[in-house]
Amino acid sequence: MKDKDPIHAALAEATFQAFREAAITLPPDVIRAIDRAAAAETNPVARGEFANILRNVKAAAELGVPLCQDTGVPVVYLTLPPDVPLTQGLYDAVAIGCRRATVEVPLRPNVVDPLTRQNTGDNTGPGMPAIHVRPGEKFTVTILPKGAGAENSSRIAMLLPSQVYGIEGFVVETMLHAEGKPCPPVFLGVGIGGTFDLAASLAKEALLLPVDTMTAFEQQICDSVNKLGIGPMGQGGDTTALAVKVKTAGCHTASLPVAVNVQCWANRHATQEVRW
């Protein structure tokens, strides 16, 4: 069903285009991070895995097919300028774009009822797509498809305020438990501060930051993760994490929430400006 409102129709179209781009191609900074790690890798098996990854990326782009059979669950970020009101119609338009992408890209229908496990068949349902809204200068839609292998390895902890020293250890421990399950080498989004739920949101949002550069703090954590030696696809190697990205928020004086959102090497996301 199409929405006749021009803004809603434009959002549905932009959502579809962003889904298609995110499913099939990787952002340039993600490619640069993979290329850099592949060039530096010394383990022969790991070098072979990097070669497979890069062939996968090239083939998906050339054939116009998704990078991975797990096309994830739809995580959506909307940026609204002052002249675009937040209405139910925007949520409905995103759902329309998601359903269209499921059929035309195509995307694997991944969304199920959490208790009955009944599949909705179109990647929509209660709470899905997961839509996050913020103000901005332009009307944009960003799609971050999230596969289960990486998402299932993600963790959150409520540390004590005195345990700032434990943040790095918690991130490393997360990957130690994950091992090869999230299809490493991974990108790690880390949310620090806020509340229990905000820390998790920050961790996922951190995956949208440029990944071909890191702060000294991010690099320190990344280096520690790479000392685990898990390597590409869990086969061993120099690179377990391609990058660590951190977002922070103020928190209660008695709290230190820390969340780690794990993302596989295919850190898929795409943004489209909505024009009508």
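Residues numbered from 1 in each chain as written. Predicted model: local features only at pLDDT ≥ 70, side-chain atom pairs only at ≥ 80, totals over all residues. Heavy atoms only, no water.

*Asks:* Would you mind going over the packing of aromatic side chains with me for this structure?
*Replies:* How two aromatic rings sit relative to each other is given by the distance of their centres and the angle of their planes. Counted by the stated rule, this structure contains one aromatic pair. When the centroid spacing of 6.0 Å and the interplanar angle of 75° are considered together, the rings of phenylalanine 139 and tryptophan 276 count as edge-to-face. Here the residue phenylalanine 139 occupies a position in the loop between strand 2 (130-135) and strand 3 (140-146), and tryptophan 276 occupies one in the segment after strand 8 (270-273), the gap between them amounting to 137 residues. Over the ring of phenylalanine 16 we find arginine 100, and its NZ or CZ is 3.7 Å from the ring centre. (Phe/Tyr/Trp six-rings, centres within 6.5 Å; stacked < 30°, edge-to-face > 60°. Helix = DSSP H or I, 4+ residues; strand = E, 2+ residues; numbered from the N terminus. Lys NZ or Arg CZ within 6 Å of the ring centre and 35° of its normal.)

*Asks:* Would you take a moment to explain the confidence of the model for the protein for this structure?
*Replies:* Low pLDDT marks regions whose predicted coordinates should not be analysed in detail. Looking at the protein, the pLDDT average stands at 97 and 99% of residues meet or exceed 70. The secondary-structure element of the protein with the lowest mean pLDDT is helix 5 (residues 148-151), recorded at 97, while strand 5 (residues 186-193) shows the highest, at 99. (pLDDT = per-residue confidence, 0-100.)

*Asks:* So what exactly am I meant to see when it comes to unusual backbone geometry here?
*Replies:* A negative phi angle is the norm for most residues apart from glycine, just as the trans form is the norm for most peptide bonds. The step from methionine 128 to proline 129 runs through a cis peptide bond, and the omega angle for that step is 0°. Note on placement: proline 129 falls in the loop between helix 4 (88-104) and strand 2. For arginine 117, which is not glycine, the phi dihedral falls at a positive 65°. By the secondary structure assignment, arginine 117 is in the loop between helix 4 and strand 2. Its identity is not glycine, yet cysteine 183 carries a phi of approximately 55°, on the positive side. Locating cysteine 183 in the fold gives a position in the loop between helix 6 (166-178) and strand 5. Since its relative accessible area comes to 34%, cysteine 183 is described here as partly exposed. (Buried < 20%, exposed > 50% of the residue type's maximum accessible area, 1.4 Å probe, protein only.)

*Asks:* I would appreciate a short explanation of a nonpolar patch on the surface in the present structure.
*Replies:* Among the surface-exposed residues, Leu86, Tyr91 and Val133 lie close enough to one another that they form a single nonpolar patch of about 240 Å² accessible area. In this fold, tyrosine 91 is placed in helix 4. (Patch = residues over 30% accessible without salt bridge, like charges linked within 9 Å, V, L, I, M, F, W, Y side chains within 5 Å. Areas by Shrake-Rupley, 256 points an atom, 1.4 Å probe, with all protein chains shown as cover. Salt bridge = Lys/Arg side-chain N within 4 Å of Asp/Glu carboxyl O.)

*Asks:* Just to check I follow, could you spell out the sheet that holds strand 4 (residues 155-159) for this structure?
*Replies:* Each strand in a sheet pairs with its neighbour through backbone hydrogen bonds, running either in the same direction (parallel) or in the opposite one (antiparallel). Strand order in the open sheet made by the four strands is 4-7-5-6, with mixed pairing throughout. On the outer flanks of this sheet lie strand 4 and strand 6 (241-249), each paired with one strand and no other. Neighbour-to-neighbour, the strand axes of the sheet open up by a mean angle of 15°, direction not taken into account. Here strand 5 runs beside strand 6; their pairing, made up of eight bridges, is parallel. The residue of strand 6 that forms the bridge with glycine 191 is lysine 247. Relative to the sheet, helix 7 (residues 196-206) contacts strand 4, strand 5, strand 6 and strand 7 (256-263), its axis offset from that of strand 5 by approximately 145°. (Pairing = 2+ DSSP bridges. Axes fitted to C-alpha atoms, helices over the stretch in contact; angles between N-to-C directions. Contact = heavy atoms within 4.5 Å.)

*Asks:* Even after reading the chapter, I still don't get empty space enclosed by the protein, so can you show me in this structure?
*Replies:* Unoccupied space between atoms shows up once a probe the size of one water molecule is rolled over them. As enumerated under the stated definition, the model contains one cavity of 30 Å³ or more in all. By volume, the largest cavity amounts to about 40 Å³. Lining the largest cavity we find Phe19, Thr71, Gly72, Val73, Pro74, Leu107, Asn123 and Pro145. Among the residues making up the lining of the largest cavity, the classes are represented as five nonpolar, three polar and no charged. (1 Å grid on protein atoms, 1.4 Å probe; cavity = no way out; pocket = protein on both sides within 12 Å on 5 of 7 lines; lining within 4 Å. Points joined across faces, edges and corners; volume = space filled by probe spheres on them. Nonpolar A, V, L, I, M, F, W, Y, C, P; charged D, E, K, R; others polar.)

*Asks:* Is there a simple way to explain the environment of valine 57 in this structure?
*Replies:* Following the sequence through the fold, valine 57 ends up in helix 3 (residues 44-63). Judged by relative accessible area, which is 13%, valine 57 ranks as buried. With near-sequence residues (within four places) excluded, valine 57 lies in contact with Leu26, Ile31, Leu67 and Trp265.

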